[in-house]
Amino acid sequence: MRSKLSFLILILTVSLSVSAQNRRLDFESFDINSRNEIITTVRIPSLSGDAYTSLLRGRADTLTLEALTMYPERSFYFPGPNELMIHNHLGCYLYDSDNGTWQEMDFMPSLSTGQPVSPLALQFLEMSPDGRFAAYIREDQEDRASLILYDRVMKVSLTVTSRLNREYQEKIVKWSPDSRYFIYRRGRELYYFSIEQYLSGRIPAESFRNTGFLDIQSVQWGKGNYLYILKDRHLYRIHSSEFFTRSFYSEPFRKGTVRGRLPVPFNPVFDRYITDSSGGNLILIKNEEHLMVLSLDTDTETGTAQTPTLHLGIHDELLDTLWLDKGILLVLVKNRTSGTSSLYRYGEAGHFILQDQGRFTALSASPDGSRYALLKEDGVSVHNSSDSTLVQSFSQDRPLQFHWGKDNYYSAGRSTTRIYTPAISDGTIISLSQSSGAGFNPGGELISEIGNRQFKYNEALSWISVEDPQEIRPARNTNSNYRVYLEPLRSSWYSSSLKIRNMEGLYTSDLLPLFNKPSGIDSPAPRSSRTASNPWYFDRGHSTDSKEVTLVINAVDSAQGTRGLLNILERYKLPASFFLNGDFIHANPRETKMIADSGHTVGSLFHTWFDLSSREYQIDKTFLKKGIARNEDDYFIATGKEMAMLWHTPGYYLNADILETSASMQYVFIGTDIPVQDRISRVNGSRYDAVKEMETLLARVRPGSIITLTLGEEEGQKEYLIQMLPTIVDELVRQGYEFVELQEMMKSSRF
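The shown structure was predicted, so the numbers you read here are calculated from the model rather than taken from an experiment. (Residues numbered from 1 in each chain as written. Predicted model: local features only at pLDDT ≥ 70, side-chain atom pairs only at ≥ 80, totals over all residues. Heavy atoms only, no water.)

A. Quick look at helix α5 (residues 562-571). Counting buried positions along α5 gives seven out of 10 residues, so the element sits mostly inside the fold. Considered for burial, the residues of α5 that qualify are Thr 562, Arg 563, Leu 565, Leu 566, Asn 567, Ile 568 and Leu 569. The elements touched by buried residues of α5 are β24 (316-323), β44 (548-555), β45 (577-580), α7 (589-597) and α11 (725-734). Trailing α5 by a residue or two, Lys 573 shows a phi angle of about 50 degrees, which is positive. (Buried < 20%, exposed > 50% of the residue type's maximum accessible area, 1.4 Å probe, protein only. Helix = DSSP H or I, 4+ residues; strand = E, 2+ residues; numbered from the N terminus. Contact = heavy atoms within 4.5 Å.)

B. Region of the structure containing the sheet that holds strand β6 (residues 83-88). With antiparallel pairing, the four strands of this open sheet are ordered in space as β5-β6-β7-β8. Among the strands making up the open sheet, the edge pair consists of β5 (74-78) and β8 (101-104). Each strand of the sheet is rotated relative to its neighbour by a mean of 20 degrees, with strand direction disregarded. Pairing between β6 and strand β7 (residues 91-96): six bridges, direction antiparallel. Bridge pairing links Met 85 to Leu 94 in β7. (Pairing = 2+ DSSP bridges. Axes fitted to C-alpha atoms, helices over the stretch in contact; angles between N-to-C directions.)

C. Representation of the environment of Ala 656. Residue position: Ala 656 is located in helix α9 (residues 656-665). Taking the C-alpha atoms as reference points, Ala 656 and Lys 621, separated by 35 residues in sequence, lie 9.9 Å from one another.

D. Up close: helix α10 (residues 690-700). When α10 is considered as a whole, its buried residues turn out to be Ala 690, Val 691, Glu 693, Met 694, Glu 695, Leu 697 and Leu 698. Contact partners of the buried residues in α10: β11 (144-151), β49 (706-710) and α11. Put simply, Asp 689 is the residue that caps the front of α10, since its side-chain oxygen is 3.1 Å from the backbone nitrogen of Val 691. (Polar contact = N/O pair within 3.5 Å; in protein donor to acceptor, adjacent residues only side chain to side chain.)

E. Here's a closer look at the pairing of strand β2 (residues 37-44). Most of β2 sits out of view: eight of its eight residues are buried. Side chains of β2 alternate between two faces, with Glu 37, Ile 39, Thr 41 and Arg 43 and Ile 38, Thr 40, Val 42 and Ile 44 buried alike. Judged from the six bridges that link them, strand β1 (residues 26-32) and β2 form a sheet pairing that is antiparallel. The partner of Ser 29 across the bridge, within β2, is Thr 41. In this antiparallel pair of consecutive strands, β1 and β2, the connection spans four residues, and Asn 36 shows a positive phi of 70 degrees. Two elements, β2 and strand β3 (residues 52-59), share eight bridges in a ladder whose sense is antiparallel. Opposite Val 42, over in β3, you have Ser 54 as the bridge partner.

F. Spatial organisation of the packing of α5 against α7. Their axes nearest at 10 Å, the elements α5 and α7 cross at an angle of 10 degrees. Taken together, the axis directions place α5 and α7 in an arrangement best described as roughly parallel. Contacts between α5 and α7 pair Thr 562, Arg 563 and Leu 566 from the former with Arg 590, Glu 591, Met 594 and Ile 595 from the latter. Classifying every residue of the contact of α5 with α7 gives three nonpolar, one polar and three charged. (Parallel < 35°, antiparallel > 145°, perpendicular 65-115°, else oblique. Nonpolar A, V, L, I, M, F, W, Y, C, P; charged D, E, K, R; others polar.)

G. Main features of the environment of Ser 393. Structurally, Ser 393 is set in strand β31 (residues 390-395). In this structure Ser 393 comes out as partly exposed when scored by relative accessible area, which is 41%. In this structure the C-alpha to C-alpha distance between Ser 393 and Leu 375, which are 18 residues apart in sequence, comes to 10.0 Å.

H. Just the pattern of salt bridges, in detail. Overall, the coordinates contain 30 salt bridges when judged by the stated rule. A salt bridge links Arg 345 to Glu 348; its shortest N-O distance comes to 3.8 Å. Given a relative accessible area of 11%, Arg 345 falls into the buried group. Residue classification places Glu 348 among the exposed positions, given a relative accessible area of 62%. (Salt bridge = Lys/Arg side-chain N within 4 Å of Asp/Glu carboxyl O.)

I. Focus on the nonpolar core. Residues Phe 578 and Leu 580 are the most contacted members of the largest nonpolar core, which totals 92 residues. When sequence neighbours within four positions are dropped, the list of residues in contact with Phe 578 reads Ile 553, Leu 565, Leu 566, Leu 569, Ile 595, His 600, Thr 601, Val 602 and Gly 603. Grouped together as the second largest cluster of nonpolar side chains are 18 residues, Ala 135, Leu 147, Leu 164 and Val 173 included. (Core = buried A, V, L, I, M, F, W, Y, C linked by side-chain atoms within 4.5 Å.)

J. How the structure looks around a nonpolar patch on the surface. A contiguous nonpolar patch, built from Val 153, Met 154 and Val 156 and spanning about 280 Å² of accessible area, is present on the exposed surface. Residue position: Val 156 is located in strand β12 (residues 156-164). (Patch = residues over 30% accessible without salt bridge, like charges linked within 9 Å, V, L, I, M, F, W, Y side chains within 5 Å. Areas by Shrake-Rupley, 256 points an atom, 1.4 Å probe, with all protein chains shown as cover.)

K. Summary view of the sheet that holds β3. Taken together, four strands build an open sheet; the order of strands is β1-β2-β3-β4 and the sheet is antiparallel. Two strands lie at the open edges of the sheet, namely β1 and β4 (65-67), each paired on one side alone. Within this sheet the neighbouring strands show an average axis-to-axis angle of 25 degrees, counted without direction. Alignment of β3 against β4, held across three bridges, turns out to be antiparallel. Paired with Arg 57 across the bridge in β4 is Glu 66.

The following block contains the structure:
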């Protein structure tokens, strides 16, 4: 048995710790000139992606504010009007390629309209393919929202549904390719919306627009306005013209055609699929680790032996999949350990072939599928789909999204957004995504820097490249009328507030509106008596310096969703502690090693799962010691690594013998102050509501809380609390909470 010294070293070790500063909006610089103009660079820590900086300009006298750089968290291209749209946390911006001008879209709240910058996931927005309609979310009141349809031609908004819960932060709308319909979800149920009915003023009540289908992950649009629905092993196809008839007369799947049968069942929680444009082929992505290509023109129910399959390694992450012309499929996979990506091709050979390796980040297909673009860290290469020959390549710093225009290409990247033409390989810069430095030159002109290049602001969100180096005067915090300064903030996701002091009027204002969501918590919850009296039991943190919470993931038997969960934790830079049961380790050695290699803390959940409170079992200290030791050995055999000396029993059952056993083995029993119900039971049965359970959990969180979730699937369960993890993180971060590693919380609590 390891010594107490090992335990103490482990307690003092901080792994995967994410400082609060990394999750908070930061003012990196500010300056004021004699015209009362203020420029400031803010760092926006997008929780689910890379942080970025934005250059803002405001006025001290009117407190107006606008963004001058446009980071492409998302972008859209509309072929008809030849427009490019960029969407980020600060607003929505449209580029008219024919006129070469930018304008900020005003149909959604934005920074310039006085909307505070939110730490939540990027506000939901799904544009119709033709660019006329925007489907977006409007928050009405706490925990509720409405789905809004905005018509850019008529300049009017329509409430599609007003009964959305917190799940709206995920994808809830899918447009048909011709922009005539979209499918949206409320809860698990799917509804249709017809643009023709909207334009004619004959929109049926929502109850008559219920498709009878469930789960947005189960549906895909295809050519000809056909909707594909995957349920269990069957792929159904229904034409959009049948929607209205079905809602009146049909039970689910009475109408429509069975397009194909799968050799394995489809689970919309953990699986996804993509059909090609013709609807003749399908790629099924099982649990984010097995990719199966299925031809719907042949019988696919005979088994998986003949099914072309690509298996991902334990350190691999699926980045992108792309159907091209003539049934060609590209799959892009990234190895977390090496940071390199592998491009696989499926097509004429009838199996997957490794085509290329490098620092690739994404794929993009031309509208007709005859070409594809491969995005790299230093540029973009365009290839023919038929033989992958190189057509043209472009240089760019970290391109993020690539769009195919009429006679050119649009590439939105981390530093700039550019237009490329066949004749110009370095492209034309049409906007700055970020700024590495900014200030006023002696003539009062605004200059921004990206690396060793300088740009002069030309109004209307456009920048002109500067050939001769410009001198930037030192930043100032005062002019004759105003003083600008930072005031540190606590219990907010802003690290500070940028204050404007009117020296004549003797009042102070915030330049950037604060994002406030009161949590009703002013001080940490009282110390648990059990924790206070027993050093081998910990169920809550007690730091008085910050609002800390920690995340615990219990793995009991099922490993479904492991890879997806690890991807979320990595993307959010979120520390977690896993507690593995011996049954899980034996049944899932591959996933056990994935968890061990992820760098997260791993503790013990005993060697098997059963009800320790049952009178059927004689539980004594010897039995407990053997169970803990056996689980520790099994984990080492499976991974070659040691478990942390942390544990808890199945169901968190606790008595005096268990606490005494913990002390004798120098293991700390980890409890929780927020018991959650994240599995179906005899009481709730199939009516389990993950959103409602999440709301209950969020209402009970206090500083020092240990948030527990269960990994995997349960027979008969259709939704899971662990699915709500991104929403839980978003909500708590905007309340000013910081996620810390469990052992770091124990250390800060002077445990």
